[in-house]
Amino acid sequence: MRGTIRLSGRRGNMVKQSVILCCYAFIAGLALSRWRPCPPHLHDWMYALTAAAWTAAAWLIWRDAWAGGMRRGLRWVLVLAVPSVLLGVSRYHAARIVSHEHVARIEVDGGDSMYPVDAEFDEPVRIKIVVRRAPDALATIRLTGQLAARQAVRDEHERPVIGTDGRWHFREVVFPQASETLALRPGAEGTEQIIEQPFTELETLYVEGGDGAVLELYRLPNHVDSFARPYGQSAPVTVLGRVTGDPHVYDFKTVLDVSPAFLQFRSGGTFYPVRGGRIRVTIKPDHPEYETFSRAAAYGYDVAIRSDLTSSRPSAFPGGFDPRRFYENHNIYGHMNVRQFNGDPPSLEAVIPIDAETPRAGNRFIEFSLDLRDRMLAVIKEVVPYPQSAFLGAVTLGLRYGLVNTPTLLKPLGTDPELAGAAADRDDYIFEEFKAAGVNHVLAVSGLHVTIITLMFVGIFTLLRIPRRIYAPVLILILVIFAVITGARPSTLRAVIMNSLFMTMLAYLDQNLRSSILLGVPVAAFLILMHNPLMLTDPSFTLSFGAILSLALLTGPFYLLLKKLKGWGFVAFIVAYAVLSACVLVRWHWFSRPGFWVVFALFASALSYAGARLTPKHPRFAMRFCFARLPLGLDYLFAAQLAIQVGMMLPLSALYFSRWPIAGAYVNMIAIPLVGVIIQLGMLSALLGMIPFIGSLPALILGAANWFFSSLFIGLAHTAAEAFPYPFMARPTGWMLAAYYGGCALFIWRGACVRFVRTLPEKLPRGGRILQIAAVAAVLLVFIVPIAARRSSPTGEAQVHVLPVEYGSACSLVTPSGKHLLIGGGFVEETRGRRNQAERVVLPYLAYSHRLSADLLMLPSLKPEFLAGATDLLRYADVNRLAVPASTAPLIRDGDLPAFRRFCFPEQTSFGAEATETARKVMHYVRGTDDDARYTIENFMRFHGLPPRHFNCDMPGPVICIGENDLYEEEYGGRCYRVRPLRPDRNVVDRCGFRIEYGDTAALALSGLRMSDLTDLRRRYDAALLCGQAVILPIPDGAEGENKRDVLRELEQHMEPFLHAMDPDFVVMEFGNPRPVKGHRYREIVNRYELIKQFLSRRMAENRIFITERDGMVSINSDGSVLSVQSWDNNR
Amino acid sequence: METDRGARAVLIIVGLSLVIGGIVLMAHPLYRRTLSAWLKGEKEASPIRQTNARYYPAVGAAR
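1. Topic: the overall build of chain B
- Secondary structure assignment for chain B yields three helices and zero strands.
- Listing each helix as α and each strand as β along chain B from the N terminus yields α-α-α.
- Carbon and sulfur atoms make up 64% of the accessible area of chain B, which totals about 3800 Å².

Okay, structure coming up:
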């Protein structure tokens, strides 16, 4: 082809392979740093080494180029890979570390009290003092110097002034500055103190008292991270900055990404210039400026914000989502929830530059793209009704935030009106259903979307007879605009880079698709990670690249394998697949049991054998009925779906979400072609609708068709979410993943591997056979060891993990022999934020710790904060037995709500809304509704063959009523482990506590009880039975309308004597936001909690009090003779 | 050849969608009333627009 540059020659291939090698080596360097970070003091050496390695590599490449070009081999690999790996390591650390610049080292020796520091800074900074050696006696220190303070110039409306060039106006005031006096105590080595007063010049450090201290002075970076206060601490700061991202508009809030330019840390203090980090600002619709900021036009606005600046909360338990890491990966180091109170100065305002009429605009190209998106959305809103329009906006324009609270089209049918209050709001959001159906990937604009749009425009340009070389750059521009309007997420960027490369190579370099994928994947990954290396383990990055690599590498081998299925062999495959699918629908827990797989393997082998015997007898049937002849490209679609599920969904979904949407493997066969049509029609109708006069009607017709297809899609997802389970699964470890992907690699390159092993004896005549066996054994070991190592084995240690389920209770107990028990399941919020503590905390923790099966689930109370989440545990964890309070029996047996209400609240003659609602919820969780698929206690009994109507408290079975007998007992190493119920009174049947004893140690779990029950426990049981080293206190709860005096009296009457009698070493309290559970009474509950906390602080040392809200998960461990308590926060 | 197939696919999708869209326009009351409002020049009265009133309210349906 004339005029094309060919990359297929030897030199071209060499260049291509060199680029691929460098990119993958760079990624390996990043992964290495992520796994084993380089110590901070070596960073400068690392940067120098990287520069030297690249210089050496450039020289070697230049020298080889003169000598006729470099050849492939070890030298080639080393010359390119080593500098690339080092570049990856350096880049990762440069992005991750916010360095503290060293200012001075002061050695305090006898006599002197003044130490010159002499340091000047070009901007106000704060100083951190690190005590390298503590003084021999108490010493006080004080820093002096100068401050050139910056005060914002304000206009007549008290707004900060900004110029049209985007420079904020300040006036500078220079004055002497002195720090507060800090105390240095003996034995304080390694401690750090931050001097809050800013300096631009340091002069002297004054020391009084002790001697011999060595102090290091560091300049704190003016990074957002150093200004953000820990979550929960409030002190407003003022930020002058700019909105640098498209606002995320939800239906209940708007989120802005703000790049701060200056920050006033203390009211009336100096403004610091901010060097790095962004802030996420949230505003609610009741804010007076909401209208201004809840639109794309807000992108580029200069803003002045006054509010608390807090850092993200870290994960509260192992295996939990870590918001801090997530936001840091996106360069967000602070959060501001902006509220406006009457009489206060504006908390958020757009600042208009002097001599201008409107706020400044952002980047012109981005402004244009966002405006285009708004115009397209306006057309969609004209031609497609809600909620299909929200779905279409998400898949076509990336506006998924608008879909977050969008209800599904298909409400559950036939809900019992008596129970409707609890059931009506469950699991009926489109977003949730898409997740459960495994099709939510269509809402995150990804390679699929970009490819569909590329193909659509290629089709249109071809129809218009425009040559490829002319339309290629136009198409690339369209893809870039598409990436901008959909938020430029890593998955979109990856696809845009790859499709652009593909179009360029196809149009100008005469290369094919496979060639462009092999080059495009590493190049796209390199560009994205060079920009932000912290994306390496972000799901949006790994899932996107996992999908494309799975498609590129696994689809072919799977297709070749499946192509062999013919005639009766194909029938056998279909039957085996159908049986497996039926098992998923009936009881997916079987999948975690090896016995099931043995039976299934035998069944599938028998089928396969029968198929293989029958096929040769019917050759014409085999010719006609085979996998390769499936119509409409279903064969390729099936192979591709299998590749995606095996290569990406199964391992990465388990890794990131501890769940696998099984439905996805089936539904995507229809969903992917369907979304292809929906995106194309959405794009075409939105573009046509923008043509004045003639475009509206065609847009409406295409919109009507898209309404039909969108409804079909939403209905499909709804049906799949209802029919298929969305199970939790054990989270794989790094080794497990390595073994899994090692297996995938063996499958992909199995031919080459087999050839290599076969030819080993020929290559190595001496000991070749032994090596051959050793190679196979090594491969097997690689697969077996990681899995075997993770299998739970008896540790001889009893553990109680108190999980941070906010207001509610859930504990995971591990017995010395490795058995697993559960207490409570946490709360499930039915409205507002819809927080399901079982799904958010308990099950992810169980998935992380590989304990998704439990021998016994104990419910200490029927209150929703214990019971609601338990139904999710019954559904997703493999629970063998269930222990419930005896009060559950009449409810299970009779199912009469008014009777149950009287039973729950015997002292009440009339029932308020709260009592009715509580009874209704309990009823719902115990009995469920006729059409509800939730796994209720009744369903659990039915599954175990126990008719609920004949339930009897004294009957042994899968559901037992908690009475006086021990619930669990075992012997391990000559020591007894026992879980004993503690009931305040023989007549109290709706709540209880537990004594968990092992050897000489014991812990009491009393969350389900009331505070007044503590006195009854003392009266009823021996003091010895109530003695324990650790106690989990009752959850703060009290009567409506109680005041401070009531609480203090209760503490004095019940808590004080109980703790005095028991004398525990450790106290654990479960607490969190009570608002979802207690509604309008949440303030009372918070006050009660604060009073209990103060009471405990007065009574015990602070390091013996653990609170889940503050400390995260709390673990009580005992080896039978010593009991210890640790919090997850401290562990970290 | 591949790009010709792509062009044919776009044509088929658009053609079929026009047919389906036409049927929906005739059969679905919301679309019928929307079309009628459009024909009368009263786009503000369009029921489809009204269903979208709370969805991205900052993005006006008529620009």
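2. Comments concerning empty space enclosed by the protein
- For the structure shown, the criterion picks out four cavities of 30 Å³ or more.
- What the largest cavity holds in volume is close to 90 Å³.
- Lining of the largest cavity is provided by 13 residues; of these, Ala798, Val800, Ile996, Ser1118 and Leu1123 of chain A occupy positions nearest its centre.
- Taken together, the elements giving at least two residues each to the lining of the largest cavity come down to strand S16 (798-802), strand S24 (993-998), strand S25 (1001-1005) and strand S29 (1114-1118) of chain A.
- Taken together, the residues that form the lining of the largest cavity break down as nine nonpolar, three polar and one charged.
- What the second largest cavity holds in volume is close to 70 Å³.
- Lining of the second largest cavity is provided by Asp246, Pro247, Val249, Ser294, Arg295, Ala296, Arg373, Asp374 and Leu377 of chain A together with Tyr56, Ala58 and Val59 of chain B.
- Top contributing element to the lining of the second largest cavity by residue count: helix H7 (residues 364-383) of chain A, with three residues.
- Among the residues forming the lining of the second largest cavity, the class breakdown is seven nonpolar, one polar and four charged.

3. So, the environment of His41 of chain A
- Along the chain, His41 of chain A falls in the loop between helix H1 (10-35) and helix H2 (43-66).
- Sequence-wise, His41 of chain A and Thr238 of chain A are 197 residues apart; in three dimensions their C-alpha atoms are separated by 34 Å.

4. Remarks on a nonpolar patch on the surface
Residue and element names in this part refer to chain A.
- The grouping of Phe365, Phe368, Leu477 and Val480 at the surface amounts to a nonpolar patch, some 340 Å² of accessible area in total.
- Broken down by secondary-structure element, the contributors of at least two residues to the nonpolar patch are H7 and helix H12 (468-485).
- Mapped onto the fold, Leu477 is located in helix H12.

5. A look at the pattern of salt bridges
Residues and elements named next belong to chain A.
- Within this structure, the stated rule accounts for 39 salt bridges over all chains.
- In this structure, the salt-bridge partner of Asp257 is Arg278, at a minimum N-O distance of 3.5 Å. Here Asp257 is found in strand S10 (residues 254-264), whereas its partner Arg278 is found in strand S12 (residues 278-283), with 21 residues between them in sequence.
- Note that Arg995 is salt-bridged to Glu997, the shortest N-O span being 2.6 Å. Glu997 matches Arg995 in its accessibility class, with the two residues each being buried.
- Connected through salt bridges with shared partners, the residues Asp966, Glu969, Arg978, Arg980, Arg995 and Glu997 form a single ionic network.

6. A closer look at the nonpolar core
- With 123 residues, the main nonpolar core has Phe391, Val395, Phe434 and Phe713 of chain A together with Tyr31 of chain B as its most contacted residues.
- Discounting chain neighbours no more than four positions away, the residues touching Tyr31 of chain B are Val383, Val384, Pro385, Leu700, Gly703, Ala704 and Trp707 of chain A together with Val24, Leu25 and Ile48 of chain B.
- Core analysis: the second largest hydrophobic core is formed by 36 residues, Leu982, Tyr1089, Leu1091 and Ile1092 of chain A among them.

7. Examining the pairing of strand S23 (residues 975-982) of chain A
Residue and element names in this part refer to chain A.
- Taken together, the five bridges between strand S22 (residues 968-972) and S23 define a ladder with antiparallel strand orientation. Bridge pairing in S23 links Tyr972 to Arg975.
- Bridging between S23 and S24 involves six bridges; their strand directions are antiparallel. Its bridge partner being in S24, Leu982 is matched across the sheet by Gly993.

8. Regarding the pairing of strand S3 (residues 139-152) of chain A
Residues and elements named next belong to chain A.
- Of all the 14 residues making up S3, ten are buried; the element is thus mostly covered by neighbouring parts of the structure.
- One ladder, built from three bridges, connects S3 with strand S5 (residues 182-184); its direction is antiparallel. What sits directly across from Ala139, in S5, is Leu184.
- Looking at chain direction, S3 and strand S4 (residues 170-178) are connected through nine bridges and run antiparallel.

9. Section: the interface of chain A and chain B
- Across the boundary between the two partners, chain A contributes 44 residues, which contact 36 residues of chain B.
- Buried surface at the junction of chain A and chain B, both sides included, amounts to about 3400 Å², of which 70% is carbon and sulfur.
- Three residues stand out in chain A for area buried against chain B, namely Lys381, Glu382 and Leu700 of chain A, and they jointly supply 21% of the buried area on that side.
- Applying the counting rule to chain A against chain B returns one salt bridge.
- Close ionic contact of Glu382 of chain A with Arg49 of chain B constitutes a salt bridge, the shortest N to O distance being 2.3 Å.
- Partitioned by chemical class, the residues of the side of chain A that touches chain B number 27 nonpolar, nine polar and eight charged.

10. A few points about the packing of helix H10 (residues 430-437) of chain A against helix H21 (residues 696-723) of chain A
Residues and elements named next belong to chain A.
- Relative to each other, H10 and H21 sit at 65°, their axes nearing to 8 Å. Like other packed secondary-structure pairs, H10 and H21 cross with a definite hand, here left-handed. Residue-level contacts link Ile430, Glu433, Phe434, Ala436 and Ala437 of H10 to Phe713, Ile714, Ala717, His718, Ala720 and Ala721 of H21.
- Grouping the constituent residues of the contact of H10 with H21 by class yields nine nonpolar, one polar and one charged.

11. Some thoughts on the packing of H12 of chain A against helix H13 (residues 490-508) of chain A
Residue and element names in this part refer to chain A.
- In the contact formed by H12 and H13, the axes pass within 9 Å of each other and the chain directions differ by 175°. For the element pair H12 / H13, the angle class is roughly antiparallel. Across the interface between the two elements, Arg468, Arg469, Tyr471, Ala472, Pro473, Leu475, Ile476, Leu479, Val480 and Ala483 from H12 touch Thr492, Val496, Asn499, Ser500, Met503, Thr504, Leu506, Ala507 and Tyr508 from H13.
- Taken together, the residues of the contact of H12 with H13 sort by class into 13 nonpolar, four polar and two charged.

12. Focus: the environment of Ile528 of chain A
Residue and element names in this part refer to chain A.
- For Ile528, the position within the fold is in helix H14 (residues 513-531).
- As for Ile528 and Thr50, which are separated by 478 residues in sequence, their C-alpha atoms are 20 Å apart.
- Setting aside anything within four residues of it in sequence, one finds Ile528 in contact with Pro490, Leu493, Arg494, Ile497, Phe541 and Phe545.

13. Let's talk about the sheet that holds S29 of chain A
All names here are of chain A.
- One open sheet holds the eight strands; their spatial order is S21-S20-S19-S18-S17-S16-S29-S30, and the pairing between them is mixed. Single-partner strands in this sheet number two, and they are strand S21 (959-962) and strand S30 (1123-1127). Between one strand and the next, the sheet's axes are offset by a mean angle of 20°, whatever the strand orientation.
- Taken together, the five bridges between S29 and S30 define a ladder with antiparallel strand orientation. For Ser1115, the partnering residue across the bridge sits in S30 and is Gln1126.
- Here helix H26 (residues 864-876) sits on the sheet in contact with strand S18 (820-823), strand S19 (853-858) and strand S20 (878-885), set at roughly 155° to S20.

14. So, the side chain of Ser711 of chain A
- With respect to the secondary-structure elements, Ser711 of chain A resides in helix H21.
- Sequence-distant contacts of Ser711 of chain A, that is, excluding residues within four places in its chain, are made with Gln388 and Leu409 of chain A.

Calculation rules
- Residues numbered from 1 in each chain as written.
- Chains lettered and ligands numbered in written order.
- Predicted model: local features only at pLDDT ≥ 70, side-chain atom pairs only at ≥ 80, totals over all residues.
- Heavy atoms only, no water.
- Helix = DSSP H or I, 4+ residues; strand = E, 2+ residues; numbered from the N terminus.
- Areas by Shrake-Rupley, 256 points an atom, 1.4 Å probe, with all protein chains shown as cover.
- 1 Å grid on protein atoms, 1.4 Å probe; cavity = no way out; pocket = protein on both sides within 12 Å on 5 of 7 lines; lining within 4 Å.
- Points joined across faces, edges and corners; volume = space filled by probe spheres on them.
- Nonpolar A, V, L, I, M, F, W, Y, C, P; charged D, E, K, R; others polar.
- Patch = residues over 30% accessible without salt bridge, like charges linked within 9 Å, V, L, I, M, F, W, Y side chains within 5 Å.
- Salt bridge = Lys/Arg side-chain N within 4 Å of Asp/Glu carboxyl O.
- Buried < 20%, exposed > 50% of the residue type's maximum accessible area, 1.4 Å probe, protein only.
- Core = buried A, V, L, I, M, F, W, Y, C linked by side-chain atoms within 4.5 Å.
- Contact = heavy atoms within 4.5 Å.
- Pairing = 2+ DSSP bridges.
- Buried area = accessible area lost by both parts, 1.4 Å probe.
- Axes fitted to C-alpha atoms, helices over the stretch in contact; angles between N-to-C directions.
- Left-handed = near helix turned anticlockwise from the far one by under 90°.
- Parallel < 35°, antiparallel > 145°, perpendicular 65-115°, else oblique.

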